[in-house]
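Here's the letter readout for the chains.
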Amino acid sequence: MAKLSQDDLLAQFEEMTLIELSEFVKAFEEKFDVTAAAAAPVVVAGGAAGGAAEAAEEQDEFDVILTGAGEKKIQVIKVVRELTSLGLKEAKDLVDGTPKPVLEKVAKDAAEKAAEALKGAGASVEVK
């Protein structure tokens, strides 16, 4: 009998139904006196961790939250006005009422640029 490569075996497994594969695993365990149960939690845990990482990567909308104005409040108000379409009074009220969102549901690049601009003016910022 010719020896099958790993790729050949995987190709055969792909063609099997779940029931056939389950029966094969049981027969394999009996034949070689081993158990495949120990590998299952590792696969499940790896899959769950991968799913969580994918969910984090898939986030495409971010909020820029002003958490503090710092010592240069006037500079922060100017930056808030540049980033938004707010007037002077509205921007001042936003800065005075921290923590408040400056930008909501923006792209990651825009959120990072806004956060850097606000931090450059001396503000404390969170990006969520």
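Residues numbered from 1 in each chain as written. Predicted model: local features only at pLDDT ≥ 70, side-chain atom pairs only at ≥ 80, totals over all residues. Heavy atoms only, no water.

1. Regarding the packing of helix α4 (residues 73–83) against helix α6 (residues 108–120)
Thought 1: The geometry of α4 relative to α6 is characterised by a closest axis approach of 9 Å and an angle of 160° between their N-to-C directions. Taken together, the axes of α4 and α6 lie roughly antiparallel to each other. Pair α4 / α6 crosses with right-handed handedness. Facing α4, whose interface residues are Val76, Val79, Val80 and Leu83, α6 presents Ala114, Ala117 and Leu118.
Thought 2: Per-class residue counts for the contact of α4 with α6 are seven nonpolar, no polar and no charged. (Axes fitted to C-alpha atoms, helices over the stretch in contact; angles between N-to-C directions. Helix = DSSP H or I, 4+ residues; strand = E, 2+ residues; numbered from the N terminus. Parallel < 35°, antiparallel > 145°, perpendicular 65-115°, else oblique. Left-handed = near helix turned anticlockwise from the far one by under 90°. Contact = heavy atoms within 4.5 Å. Nonpolar A, V, L, I, M, F, W, Y, C, P; charged D, E, K, R; others polar.)

2. Observations regarding unusual backbone geometry
Thought 1: Positive phi values are uncommon outside glycine, yet Asp33 reaches one of about 55°.
Thought 2: Take Asp33: it is sitting in the loop between α2 (18–32) and α3 (39–58).
Thought 3: Classification of Asp33 as exposed rests on a relative accessible area of 71%.
Thought 4: Unlike most non-glycine residues, Lys105 shows phi in positive territory, near 55°. (Buried < 20%, exposed > 50% of the residue type's maximum accessible area, 1.4 Å probe, protein only.)

3. Examining helix α5 (residues 88–96)
An α-helical turn contains 3.6 residues, so a residue and the one three or four places further along point in the same direction.
Thought 1: Taken together, the buried positions of α5 are Ala91, Leu94 and Val95. Burial along α5 is one-sided: seen end-on, the buried residues are contained in an arc of 95°.
Thought 2: Against the buried residues of α5 lie β1 (62–68), α4 and β2 (100–106). (Arc of directions from axis to C-beta.)

4. Some remarks on the side chain of Thr84
Thought 1: Tracing the chain through its elements places Thr84 in the loop between α4 and α5.
Thought 2: The buried category is assigned to Thr84, whose relative accessible area is 17%.
Thought 3: Polar contacts involving the side chain of Thr84 include one to the main-chain amide nitrogen of Leu86, which spans 3.3 Å.
Thought 4: Discounting chain neighbours no more than four positions away, the residues touching Thr84 are Val102 and Leu103. (Polar contact = N/O pair within 3.5 Å; in protein donor to acceptor, adjacent residues only side chain to side chain.)

Read these as geometric descriptors, not functional statements.
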